[in-house]
Amino acid sequence: MSLKTFSCRALFKFVNRGFVALSKPLSARDAVAIASSARGYYNNTGKPRCPGPGGAAHVRVVDLRSDTVTKPGPAMRQAMAEAEVGDDVMREDPSVNELQKIAADMFGMEAALFVPSGTMSNLIAVMVHCRERGDEMIVGDLSHLHIYEQGGSAQLAGVHATTVTTLPDGSFDLEQLESKIRHGYPDPHYPRSRLICVENTHNIQGGRVLPLTFLQEVRALADRYGLSVHMDGARVMNAAVAQGVPPSTILQHTHTVSVCLSKGLGAPVGTMLAGPQDFIYRAVRCRKALGGGMRQAGILAAAGQLSLLKMVGRLEEDHHNAKTFAQALLDCDPPLFAVDMAAVETNILRFRLRETSLSPSEFCARMSEVGEREEAALGQGIQVLMYPHFENSVRAVWHLGISPEDTLLAIQKLQFVASQFLKDKVRAQ
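Presented here is a report on the structure given in the accompanying data block.

About the criteria used
- Residues numbered from 1 in each chain as written.
- Predicted model: local features only at pLDDT ≥ 70, side-chain atom pairs only at ≥ 80, totals over all residues.
- Heavy atoms only, no water.
- Helix = DSSP H or I, 4+ residues; strand = E, 2+ residues; numbered from the N terminus.
- Buried < 20%, exposed > 50% of the residue type's maximum accessible area, 1.4 Å probe, protein only.
- Contact = heavy atoms within 4.5 Å.
- Areas by Shrake-Rupley, 256 points an atom, 1.4 Å probe, with all protein chains shown as cover.
- Phe/Tyr/Trp six-rings, centres within 6.5 Å; stacked < 30°, edge-to-face > 60°.
- Pairing = 2+ DSSP bridges.
- Salt bridge = Lys/Arg side-chain N within 4 Å of Asp/Glu carboxyl O.
- Polar contact = N/O pair within 3.5 Å; in protein donor to acceptor, adjacent residues only side chain to side chain.
- Axes fitted to C-alpha atoms, helices over the stretch in contact; angles between N-to-C directions.
- Parallel < 35°, antiparallel > 145°, perpendicular 65-115°, else oblique.
- Left-handed = near helix turned anticlockwise from the far one by under 90°.
- Core = buried A, V, L, I, M, F, W, Y, C linked by side-chain atoms within 4.5 Å.

### Examining the overall build of the protein
Line of reasoning, step 1. Helix and strand counts for the protein stand at 17 helices and 13 strands.
Line of reasoning, step 2. Scored against the burial criterion, the 429 residues of the protein give a buried share of 56%.
Line of reasoning, step 3. In the protein, once contacts between residues fewer than 6 apart in sequence are set aside, the share between residues at least 24 apart is 76%.
Line of reasoning, step 4. On the protein, roughly 18,300 Å² of surface is accessible, and the fraction owed to carbon and sulfur atoms is 52%.

Set out below in structure tokens:
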């Protein structure tokens, strides 16, 4: 079915004929429960409250909070159950060893290392590249590594971070980047510039894909000054699919990369850290010091193998579903939402609310709340889970748990909420 068939304008007409008000207005407690800080979305640790006894009996949940909520399917669970295992700390787990070889070959790197999480993987990379306490890395001011990883680089590695301004497409101004490089080492006043970190796709900027020309220029700048380039490539496979290139084409411009298996690729646990052989040798030592040395990890590595070999191609479906929802936001009548369609490149959608009296927190609460009258009108309740985000915006993320049908249900709920808000506003006047 076409986007036009399910546009918000068409749904709005349907809503006006058949939908009626929620059974009760949004409570202050619900609003507080779903509210997020201005800096991000990780304060929301639980799902919004589901209807209890006597509430809506048939509820369809469309969870757009993050692509980290994916669950392994039957084929992945079978691969995990049948995995051949050994002691990975002794480098004797055949499933882990095979996963590391698959990842290194796919990324165009000499070697790779399986680690429990993306945060640990990025921290290990910083520790290896910046070997002396007081060394410095240059990162974007809106990067995940800088904002959402607890300052581990300073806290645990003794590495100082200096920031450059993150542009709307996730890149940096190269002149500003160059100005941040310290030239006075070993002058005792300054740290020593060692590392430039980039993020692809860029989380906070809405899943933006870094241009290949930008990466090429960053690498040339790093080579000129003897710095290394590390990519937080948690979703670099989304970038590769969006650009229609193998990941090695992107990663040829970096020295090292961290790639999550537990987001859109659907594995339950794990991240791959890849780079030169001597880098990985040192990374093994850092992983051990951080408590990341797992034993019979092949059970998890088997899922990772399936992620890299079977799950990359389907990321295109997530990108398509995100664009479908984004177009519905633009088509919405009344026009409550602002979306830059050119910025919807992958599976992350960030949109803004035009109506000042409807906050992101209240909008997300309305999307997650189900009333009895909604169920009567639709035949089921629909909970759409999203998070408030930066600057009066909302963040929604598509993943393998969200089908095209789920996306259309989310559009229905969106239009219901929009129409209900308009009715409430008219009543209040």
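### Some details on the packing of aromatic side chains
For any pair of aromatic rings, the description consists of the separation of the ring centres together with the inter-plane angle of the planes.
Line of reasoning, step 1. This model, assessed by the stated rule, comprises 6 aromatic pairs.
Line of reasoning, step 2. With a centroid separation of 5.3 Å and an interplanar angle of 50°, the aromatic rings of Phe325 and Trp398 are classed as tilted. Here Trp398 lies in the loop between β13 (393-397) and α17 (404-428) and Phe325 lies in helix α14 (residues 315-331), a separation of 73 residues in the sequence.
Line of reasoning, step 3. Taking relative accessible area as the criterion, Phe325 reaches 0% and is therefore assigned buried.

### Structural notes on the sheet that holds strand β9 (residues 337-338)
Line of reasoning, step 1. An order of β9-β10-β13-β12 is seen for the 4 strands of this open sheet, with the pairing classed as antiparallel. Here the strands that pair on one side only, and so sit at the sheet edges, are β9 and β12 (387-389).
Line of reasoning, step 2. Pairing analysis gives 3 bridges linking β12 to β13, with the strands arranged antiparallel. In the sheet register, Pro388 faces β13, and the bridge partner there is Val394.

### Describing the pattern of salt bridges
Line of reasoning, step 1. Scanning all chains against the criterion turns up 18 salt bridges.
Line of reasoning, step 2. Here Asp406 ties to Arg60 by a salt bridge, and the two come within 2.7 Å at their closest N and O atoms. Residue Asp406 is located in helix α17, and its partner Arg60 is located in strand β1 (residues 59-63); the two are separated by 346 residues in the primary sequence.
Line of reasoning, step 3. A network of salt bridges, in which partner residues are shared, links Arg60, Glu405 and Asp406.

### Regarding the environment of Val229
Line of reasoning, step 1. Its place among the elements puts Val229 in strand β6 (residues 228-232).
Line of reasoning, step 2. A relative accessible area of 1% means that Val229 is categorised as buried.
Line of reasoning, step 3. Other than its neighbours up to four places away in sequence, Val229 contacts Leu195, Ile196, Val198, Val218, Arg219, Ala222, His253, Thr254, His255 and Thr256.

### Concerning the side chain of Ser193
Line of reasoning, step 1. By secondary structure assignment, the location of Ser193 is in strand β5 (residues 192-199).
Line of reasoning, step 2. Within polar-contact distance, the side chain of Ser193 engages the backbone nitrogen of Arg182 at 2.8 Å.
Line of reasoning, step 3. The contact partners of Ser193, leaving out residues within four places of it in the chain, are Glu136, Lys180, Ile181, Arg182 and Leu227.

### Digging into the pairing of β13
Line of reasoning, step 1. Burial runs high along β13: 5 of the 5 residues are buried.
Line of reasoning, step 2. Of the two faces of β13, the one lined by Ser393, Arg395 and Val397 and the one lined by Val394 and Ala396 are each fully buried.
Line of reasoning, step 3. Sheet topology places strand β10 (residues 348-353) next to β13; 5 bridges connect them, and they run antiparallel. Bridge pairing links Arg350 to Arg395 in β13.

### Considering the pairing of strand β11 (residues 381-385)
Line of reasoning, step 1. Taken across its 5 residues, β11 has 5 buried, putting it largely inside the fold.
Line of reasoning, step 2. Here β11 shows two buried faces, one formed by Gly381, Gln383 and Leu385 and the other by Ile382 and Val384.
Line of reasoning, step 3. Of the pairings in the sheet, the one linking β1 to β11 comprises 5 bridges and is parallel in character. Counterpart to Arg60 in the pairing with β11 is Ile382.

### Some words on the packing of helix α5 (residues 118-129) against helix α12 (residues 277-289)
Line of reasoning, step 1. Remark: α5 packs on α12, axes separated minimally by 9 Å, with the N-to-C direction vectors making an angle of 120°. Of the possible angle classes, the one that applies to α5 and α12 is oblique. Seen along the crossing, α5 lies across α12 with a hand that is right-handed. Only Phe279, Arg282, Ala283, Cys286 and Arg287 of α12 make contact with α5, whose side of the interface consists of Met120, Ile124, Ala125, Met127, Val128 and His129.

### Considerations on the nonpolar core
Line of reasoning, step 1. By size, the foremost hydrophobic cluster in this structure holds 51 residues, and its most contacted members are Phe107, Phe114 and Ile250.
Line of reasoning, step 2. Sort the elements by how many residues they give to this core and helix α4 (residues 94-107) lands first, with 6 residues.
Line of reasoning, step 3. In contact with Ile250, not counting residues within four places along its chain, are Asn200, Leu212, Leu215, Met231, Val236, Ala239, Ala240, Gln243 and Val245.
Line of reasoning, step 4. Judged by nonpolar contacts, the second largest core, of 33 residues, contains Phe325, Leu358, Cys364 and Ala418.

### Quick word on the sheet that holds strand β4 (residues 160-164)
Line of reasoning, step 1. Ordered by their spatial adjacency, 7 strands build an open sheet running β2-β8-β7-β6-β5-β3-β4, and the pairing between neighbours is mixed. The sheet is open, and its two borders are formed by β2 (111-115) and β4, each paired with just one other strand. Averaged over neighbouring strand pairs, the angle between their axes works out to 20° when direction is ignored.
Line of reasoning, step 2. As paired elements, strand β7 (residues 256-260) and strand β8 (residues 271-275) share 4 bridges and run antiparallel to each other. Opposite Cys260, over in β8, you have Thr271 as the bridge partner.
Line of reasoning, step 3. On top of the sheet, α5 reaches β2, β3 (135-140), β5, β6, β7 and β8; it is set at about 20° to β8, its chief contact.

### Details of the packing of α4 against helix α13 (residues 298-310)
Line of reasoning, step 1. Close contact between α4 and α13 brings their axes to 8 Å; oriented N to C, the two are set at 30°. Between α4 and α13, the angle falls in the class roughly parallel. Between α4 and α13 lies a crossing whose hand is left-handed. In this structure, α4 uses Ser95, Val96, Glu98, Leu99, Ile102, Ala103, Met106 and Phe107 to contact α13, whose residues at the interface are Gly298, Ala301, Gly304, Gln305, Leu308 and Leu309.

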